[in-house]
Amino acid sequence: MKNGVMMQYFEWNLPNDGNLWKKLKDDAKHLHEIGITAVWIPPAYKADEQQDEGYATYDLFDLGEFDQQNTVRTKYGTKAELKQMIDELHKYQISVYLDAVMNHKAEGDYTERFMVKEVDPKERTKDISDEFEIQAWTGYLFRGRNNKYSDFKWHWYHFSGVGFDDAKKRSGVFKVMGENKNWSEGVDKENGNYDFLLCNDLDLNHPEVINELNRWGVWVSKELDLDGMRLDAIKHMDDKFISQFLKHVRADRGEDFYAVGEYWNGDIETLDNYLESVGSCVDLFDVPLHYNMYEASRKGKEYDMQNLIKNSLSVAHAELGVTFVDNHDSQLGSSLESEVEEWFKPSAYGLILLMKNGYPCIFYGDYYGVHGEESPHREIIDTLLQARHKYAYGDQVDYFDHVATVGFVRTGDKDHPGSGLALLISNGEDGNKMMNVGAARKGEVWYDLTGNIKDKVVIDEDGDGNFLVEGGKLSVWVKE
Ligand code: CA
């Protein structure tokens, strides 16, 4: 969709009240009105306990329907509420992307005994023990579901690693031994081989596992009428699995079934290589850009703003980057904590919502707030969303040419009369910059949509305007 915008509709500290699906349903009309075109919803299936965010997956086929793990609903609600919410979003042409956790499963129903080798957590290709028998929670019966939707039962041989030995009550990285058993090849090379992340690591090279996950992918997409998925933790998953999984689901749901993968790595080359290995079948979150913005916010005036979009995925691959400021993992207190500082967030959102490249994703925490406290950024995000839908069209002319004051011009296009804009961001003193918006616009009067600057700018006969910005802020200039 032209100038689409995704919203990640959860943060890490939501209350365990089973109300998120209802809340999102009630919010559908408002989301449509502010210009949200897709929503990324959290893992919607049964986790190890009711209060879990959904990433400690227990049963992918239990969408809040069965009495398992001492609860019918998930943290976010019941399956009926989930379906009603999705129907409502679809009424407003908002797409729904489900968070798919296929790398691991949390503890099963009973323990099994099998052979493992312990490996060095920092160098997973190195064994640090002889083969020994472990006792681990790898048996899954899903008694409460009673074979509905799938009669597949998980056993130790469906996993490639486990993180806990129940016999010795000891944590570690334990590699499952047996025929065809090894870490997957097509994973991130951090720690030697980053196949294992946590819990029980699915063996994505096992034909029964591949088959079951493929079946689930088609089932859940149909059952919930999904428009796409956000694939969790893909740097820990065999790349061949990902490409065949999407091929399988798209064969059923259509080629436009959307997918974005969480490959948490700030190195553009690593992301490039990954995209190549999966034939660019999936978008990736623009982690390098997130880290640029994080660094800019931390360093303040010491940061060279000429580097702000350098080495970002969205610059390298215009169509494959999902740009974001923060998410549930980067927010304060989370596992990958790297939250962009408050003062820079308006500028960061200005950048991702108005630039030509990338598919922007707004974080629930930045729009609605975290810990139930209201966010101070809602108003500016609303303003920037309006700017995106009304003015952010046409080519982009960059002015990343100064240590403190940078920006770009969007030239506008014929399909959107009056479109075109000039963005300026400053991390230092008040600044100004001559930017060219096209000679055809001579004599036009432009103003700053954010209200930060009250002065108007008149475009001269060459199409130049002397645009202003306050120190540490942004300005978004459009035709009056
Ligand atoms: Ca894995």
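Residues numbered from 1 in each chain as written. Predicted model: local features only at pLDDT ≥ 70, side-chain atom pairs only at ≥ 80, totals over all residues. Heavy atoms only, no water.

Remarks on the environment of Ile453
Moving on, step 1. Tracing the backbone shows Ile453 in the loop between β22 (445–448) and β23 (457–458).
Moving on, step 2. Considered as a pair, Ile453 and Leu474 are 21 residues apart in the sequence and their alpha carbons are 9.3 Å apart.
Moving on, step 3. Those residues in contact with Ile453 that lie beyond four places of it in its chain are Asp448, Leu468, Val469, Glu470, Ser475 and Trp477. (Helix = DSSP H or I, 4+ residues; strand = E, 2+ residues; numbered from the N terminus. Contact = heavy atoms within 4.5 Å.)

Brief notes about the pattern of salt bridges
Opposite charge on two side chains permits them to pair, given that their charged atoms come into close proximity.
Moving on, step 1. A full pass over the atoms with the stated rule returns 37 salt bridges.
Moving on, step 2. Between Asp127 and Lys117 there is a salt bridge whose closest N-O contact spans 3.4 Å. Highlighted residues: Asp127 in strand β8 (residues 123–127) and Lys117 in strand β7 (residues 110–120), separated in sequence by 10 residues.
Moving on, step 3. We classify Asp127 as partly exposed; its relative accessible area is 33%.
Moving on, step 4. A salt bridge links Arg215 to Glu212; the nearest nitrogen and oxygen atoms lie 3.5 Å apart. Placement of both Arg215 and Glu212 in helix α3 (residues 207–223) is noted, with a separation of three residues, approximately one turn of the helix.
Moving on, step 5. Take Arg215: its relative accessible area is 35%, and that puts it in the partly exposed class.
Moving on, step 6. The network of salt bridges with shared partners includes Glu65, Lys79, Lys83, Lys148 and Glu223. (Salt bridge = Lys/Arg side-chain N within 4 Å of Asp/Glu carboxyl O. Buried < 20%, exposed > 50% of the residue type's maximum accessible area, 1.4 Å probe, protein only.)

Things to note about empty space enclosed by the protein
Moving on, step 1. By the definition in use, this model includes two cavities of 30 Å³ or more.
Moving on, step 2. Size it by volume and the largest cavity reaches roughly 60 Å³.
Moving on, step 3. What lines the largest cavity is Asp59, Leu60, Phe61, Lys105, Phe142, Arg145, Ser150, Phe152, Trp154, Glu212, Leu213 and Trp216.
Moving on, step 4. It is α3 that contributes the most residues to the lining of the largest cavity, three residues altogether.
Moving on, step 5. Here the residues of the lining of the largest cavity sort into seven nonpolar, one polar and four charged.
Moving on, step 6. In terms of domain composition, the lining of the largest cavity takes at least three residues from each of domain 1 (6–102 + 207–391) and domain 2 (105–202).
Moving on, step 7. Of the voids in this model, the second largest cavity is the one considered here, and its volume is about 50 Å³.
Moving on, step 8. For the second largest cavity, the lining is made up of 13 residues, of which Ala47, Gln50, Asp52, Thr74 and Lys75 are closest to its centre.
Moving on, step 9. Looking at side-chain class alone, the lining of the second largest cavity contains four nonpolar, four polar and five charged residues. (1 Å grid on protein atoms, 1.4 Å probe; cavity = no way out; pocket = protein on both sides within 12 Å on 5 of 7 lines; lining within 4 Å. Points joined across faces, edges and corners; volume = space filled by probe spheres on them. Nonpolar A, V, L, I, M, F, W, Y, C, P; charged D, E, K, R; others polar. Domains from an automatic or database assignment.)

Focus: the coordination of the calcium ion
Moving on, step 1. Bound to the calcium ion are the protein donor atoms Asn103 (OD1), Asp195 (O), Asp195 (OD), Asp201 (OD), Asp201 (OD) and His236 (O), situated 2.2 to 2.8 Å from the metal.
Moving on, step 2. Taken together, the six donor atoms surrounding the calcium ion define angles of 49 to 168° at the centre, an arrangement classified as irregular.
Moving on, step 3. Read N to C, the donor residues that coordinate the calcium ion are spaced as N-x91-D-x5-D-x34-H. Of the two residues, Asn103 sits in the loop between β5 (95–100) and β6 (104–105) while Asp201 sits in strand β12 (residues 200–202), which places them 98 residues apart along the sequence.
Moving on, step 4. Taking the relative accessible area as the measure of exposure, Asn103 reaches 0% and is therefore buried. (Donors = N, O, S within 2.8 Å, 3.2 Å for Na, K, Ca; no water. Tetrahedral: all angles 85-135°; square planar, octahedral: opposite > 155°, others 65-115°.)

Let's talk about the sheet that holds strand β17 (residues 361–363)
Moving on, step 1. In spatial order, the strands read β16-β15-β14-β13-β5-β2-β1-β17; together these eight strands make up an open sheet with parallel pairing. The open sheet is flanked by β16 (321–322) and β17, the only strands paired with a single partner.
Moving on, step 2. Sheet topology note: the strand β15 (residues 283–285)/β16 ladder contains two bridges and is parallel. The partner of Phe285 across the bridge, within β16, is Val322. (Pairing = 2+ DSSP bridges.)

Brief notes about the nonpolar core
Moving on, step 1. Counting residues in hydrophobic clusters, the biggest one holds 119 residues, and the most contacted among them are Leu31, Trp216, Leu231, Met293, Leu308, Leu351 and Ile362.
Moving on, step 2. Within the second largest apolar cluster, 13 residues are counted, among which are Val409, Ile453, Val457 and Phe467. (Core = buried A, V, L, I, M, F, W, Y, C linked by side-chain atoms within 4.5 Å.)

A word on the sheet that holds strand β19 (residues 405–410)
Moving on, step 1. The antiparallel open sheet is built from six strands, whose spatial order is β18-β19-β20-β25-β22-β23. Pairing within the sheet leaves two strands with one partner each, and these edge strands are β18 (396–399) and β23.
Moving on, step 2. Pairing of β22 with β23, which is carried by two bridges, proceeds in the antiparallel orientation. Directly across from Val445, in β23, lies its bridge partner Val458.
Moving on, step 3. Along the sheet face, helix α8 (residues 345–354) touches β19, β20 (421–426) and β25 (474–479) and points at about 150° away from the line of β20.
Moving on, step 4. Where helix α10 (residues 378–391) meets the sheet, its contacts fall on β20 and β25, and the angle it forms with β25 comes to roughly 35°. (Axes fitted to C-alpha atoms, helices over the stretch in contact; angles between N-to-C directions.)

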